[in-house]
Amino acid sequence: MLITAVRVFQLRLPTQSIRFLRPPRSYRSLSTMGAIGTQTVDTRERLSALRSLMADRNIDAYIVPSEDQHFSEYPAECDKRRAFISGFSGSAGTVIVTKDKAYLFTDGRYFLQAGQQLDTNWTLMKQGLPDVPSWQEFVIKNMASPARTGIDPTLITASEDKSLTGVDLTYNENLVDLVWGSARPARPKNPVFTLDVKYAGQNYADKLARVREEMEKQKARALVVTMLDEVAWLFNLRGADIEFNPVFFGYAVVAADSATLFLDPAQVTQDVLSHLGQDVQLRPYDAFIPYLKDLGADLQDGQKVLIGDKTSVAVAVALGHTYTNIVRSPVAEFKSIKNATEIEGFRASHIRDGSALVRYFAWLEEQLNQGVELSESQGADQLEKFRSELPLFKGLSFTTISSTGPNGAIIHYSPDPNDCAIIRNDQIYLCDSGGQYMDGTTDVTRTLHFGTPTAEQRRSFTRVLQGHIAIDTAVFPSGTSGRYNSDTWARRYLWRDGLDYRHGTGHGVGHFLNVHEGPQGIGTRIAYNNTPLRAGMTVSNEPGYYADGDYGIRIENVVIVCDAKTPHNFGDKGYLGFEHVTMAPMGRSLVDVSLLSVEERGWVDGYHKEVWEKLSPLLEGDARAKVWLHRECAPL
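Residues numbered from 1 in each chain as written. Predicted model: local features only at pLDDT ≥ 70, side-chain atom pairs only at ≥ 80, totals over all residues. Heavy atoms only, no water.

(A) How the structure looks around the side chain of Gln117. With respect to the helices and strands, the residue Gln117 is situated in helix H4 (residues 111-117). Here Gln117 falls in the buried class, since its relative accessible area comes to 0%. A polar contact is formed between the side chain of Gln117 and the backbone nitrogen of Ser89, at a distance of 3.0 Å. (Helix = DSSP H or I, 4+ residues; strand = E, 2+ residues; numbered from the N terminus. Buried < 20%, exposed > 50% of the residue type's maximum accessible area, 1.4 Å probe, protein only. Polar contact = N/O pair within 3.5 Å; in protein donor to acceptor, adjacent residues only side chain to side chain.)

Next up, the structure:
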């Protein structure tokens, strides 16, 4: 009856092609994906209201994570509780509020930004620095029983719940939501749309079959899928519920003989109904937890349900802890290795995307040379305009980081349209941007100088470039993870000058999905140690350097892990390397050629030759861009 009701309701919905929905730049919330400006928010009344609710419930401390109930890195506006209560808009951080203190824990990407956005009610905890604990360590040390610590059970993973030993966690309704009240934005319910197999490369039935094979290996009764990008990938569906991320609010439960998708009926179009057919049962989004409770009640001793390691404790409680097996989601593993169609889509989308970048940089240089005054925000808008003219474009993949001079040192800065700097040709300009296309997701950073850079800037840039080349040209045995060894390849040239950067070297990239994708990556995160790089994975290559208060440098390409051809195969383990797919000039005016080896100089010239050959045919209608590209791609 439910499926029939959904079908009847949805016959009234339009099924035309959907482009991402998002508000104009001038009306976006302070907490959009990537920092918007550096304004400080007065949080006194919000904290007072929260502490009053804590006192009513006899809670000594309250934890406010960044994530939503799906553990999305970039949540929808209605789920940006940490940003609301603290005023800090970065993508990573955890808040702990006690009776008389308020702490924000974040990593090195956001030290500068958080320092500027937090008001005097807050203590900034700079995770990663000596003697600064993680938020979990802080809670275990300072909030041990009998102190009572409150948290929304949908916002803490089942594995984190187990790790907080000795802590009396109190699960209750979300207190920040109560403080936020009627001003809290409504949950999005945008139409879901299908991703044709010509872009996905595999139909959802085959994906379900792979999942069931894995379930059988682990002798599991069912698999619960809670991550939004995993749900979207599994069923070849996409949405527009979270700005810049083509996902929709949904859950899934896969059993040996059934697959159930939980989403709001108002989001289901006729195309989606036809796409799923009779193989997938549709249930309302809010029916998910009751469904799990019924499933748990039906389980017998020894039966297990697989839940991912980023699944909330609320899910584990609904099923019954004894019936759950916490694993790394097999859907995440399958999704991380791109098929041939997806890989070809990455190549094609990055070439098109590169043409928009070249058109933008050529336009920007001309404007600056003519004395036109342009803000960082106006620059970002023009780049978006060029991207929007490309085939298969669906929106940006994150807020454009258009930063001049000292703003470039704020790693995840992006300009406030109402109050941002003017781009100057006597400062370094850092532009980190990306697009969402039906055939791929792009993420590219280029650092340019439209005037005469200093010797220090050129040296710093070249050290970053050398690290970028080291990653790009690396050959390594199968089984190598992205942690430590791989990460140091990018840093060693900076280390020679006593320099470094406070972020990872690379993150996974989704295929017309989230621009940040796990479990793969290159950096110091412990999780990367458990994830060997495998052929077909996509990662970014983005070393950088940031001179606080002066300038920032980052060079980023997306690369695909691929099999490497070597004259030998020691240990019969096979060897891997990287194929870069991002196409855009490197910023030759910042290169100190004297620091480059013969091989590194050859790499730069070879890369620019490839960029010219692939992009110049797309610029026939823009003479300015073609002339600029030809100059920037000339041999060093």
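(B) Region of interest: the environment of Arg238. In this structure, Arg238 sits in strand E9 (residues 237-238). In this structure Arg238 comes out as buried when scored by relative accessible area, which is 2%. Separated by 10 residues in sequence, Arg238 and Phe248 have C-alpha atoms that sit 6.7 Å apart. Beyond its immediate stretch of four places on either side in the chain, Arg238 contacts Val192, Phe193, Leu195, Ala232, Trp233, Pro246, Phe248, His511, Phe512 and Leu513. (Contact = heavy atoms within 4.5 Å.)

(C) Summary view of the pairing of strand E16 (residues 401-404). Burial along E16 is two-sided: the residues Ile401 and Ser403 and Ser402 and Thr404 are all buried. Looking at chain direction, E16 and strand E17 (residues 428-433) are connected through 4 bridges and run antiparallel. Bridge pairing in E17 links Ser403 to Leu430. (Pairing = 2+ DSSP bridges.)

(D) Quick peek at the packing of aromatic side chains. Inspection of every chain in the model, using the stated rule, returns 20 aromatic pairs. A centroid spacing of 6.3 Å and a plane angle of 75° characterise the contact between Phe249 and Tyr285, whose relative ring orientation is edge-to-face. With a gap of 36 residues between them, Phe249 in the loop between E9 and strand E10 (251-255) and Tyr285 in the loop between strand E12 (281-283) and helix H12 (288-298) connect regions that are remote in the sequence. Measuring from centroid to centroid gives 5.8 Å for Phe476 and Trp489, while their planes differ by 40°, and the two rings are tilted. Of this pair, Phe476 sits in strand E21 (residues 476-477) while Trp489 sits in helix H18 (residues 485-496); the two residues are 13 residues apart in sequence, bridging distant segments of the chain. Looking at Phe476, the relative accessible area reads 2%, which means it is buried. Given the relative accessible area of 22%, Trp489 is considered partly exposed. One aromatic cluster in this structure is built from Phe249, Tyr251, Phe262, Tyr285, Phe288 and Tyr291. (Phe/Tyr/Trp six-rings, centres within 6.5 Å; stacked < 30°, edge-to-face > 60°.)

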